[in-house]
Amino acid sequence: MFVFILDYLVPLNQVDSYLEAHRQFLDVHYRNGKLLASGPRPDRVGGVILSMATSMKEAQEIMKSDPFYVHNVAKYTIFEFDATKTLFKF
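Thresholds applied
Residues numbered from 1 in each chain as written. Predicted model: local features only at pLDDT ≥ 70, side-chain atom pairs only at ≥ 80, totals over all residues. Heavy atoms only, no water. Helix = DSSP H or I, 4+ residues; strand = E, 2+ residues; numbered from the N terminus. Buried < 20%, exposed > 50% of the residue type's maximum accessible area, 1.4 Å probe, protein only. Polar contact = N/O pair within 3.5 Å; in protein donor to acceptor, adjacent residues only side chain to side chain. Contact = heavy atoms within 4.5 Å. Pairing = 2+ DSSP bridges. Axes fitted to C-alpha atoms, helices over the stretch in contact; angles between N-to-C directions.

1. Some remarks on the side chain of His22
And step 1. Tracing the sequence through the fold places His22 in helix α2 (residues 19–31).
And step 2. When its relative accessible area of 8% is taken as the criterion, His22 is described as buried.
And step 3. A distance of 2.8 Å separates a polar atom in the side chain of His22 from a polar atom in the side chain of Asp66.
And step 4. Leaving out residues up to four positions away in the same chain, His22 has contacts with Leu6, Ile49, Asp66, Pro67 and Phe68.

Here it is in structure tokens:
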């Protein structure tokens, strides 16, 4: 599992101009089973995405397709972790 931490690099009005395209990006990856959860961080300083990517390379490919990344709206930090205890079975 991979965690994507997004930090906005531009004012919120610019973030909002890419929000619909970002949501479409999320929808694509939810449909293909690569995303588990996503949402904004408090005070809209960025967001968090939980991904079921199978490798760092795949996680980076997902990131590179996000309009927030493509248009330099947000900086991504990605890290891998092993979910050893969850409410859900993966």
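Don't stop here, the text continues.
2. A closer look at the pairing of strand β1 (residues 2–8)
And step 1. Buried residues dominate β1, accounting for five of its seven residues.
And step 2. The pairing of β1 with strand β3 (residues 46–51) spans six bridges and is classified as antiparallel. Across the sheet, residue Asp7 finds its bridge partner in β3, namely Gly46.
And step 3. Where β1 lies against strand β4 (residues 74–80), seven bridges are found, and the strand directions are antiparallel. Paired with Ile5 across the strands is Thr77, a residue of β4.

3. Notes on the sheet that holds strand β2 (residues 35–40)
And step 1. Read from one edge to the other, the open sheet built from four strands follows the order β2-β3-β1-β4, with strand pairing classed as antiparallel. One side of each edge strand has no neighbouring strand; the edge strands of this open sheet are β2 and β4. Put simply, the sheet's adjacent strands are angled 15° from each other on average, direction ignored.
And step 2. Of the pairings in the sheet, the one linking β2 to β3 comprises five bridges and is antiparallel in character. When the sheet's bridge partners are listed, Ser38 is paired in β3 with Ile49.
And step 3. Contacts from α2 reach β1, β2, β3 and β4 within the one sheet, and its direction differs from that of β2 by about 160°.

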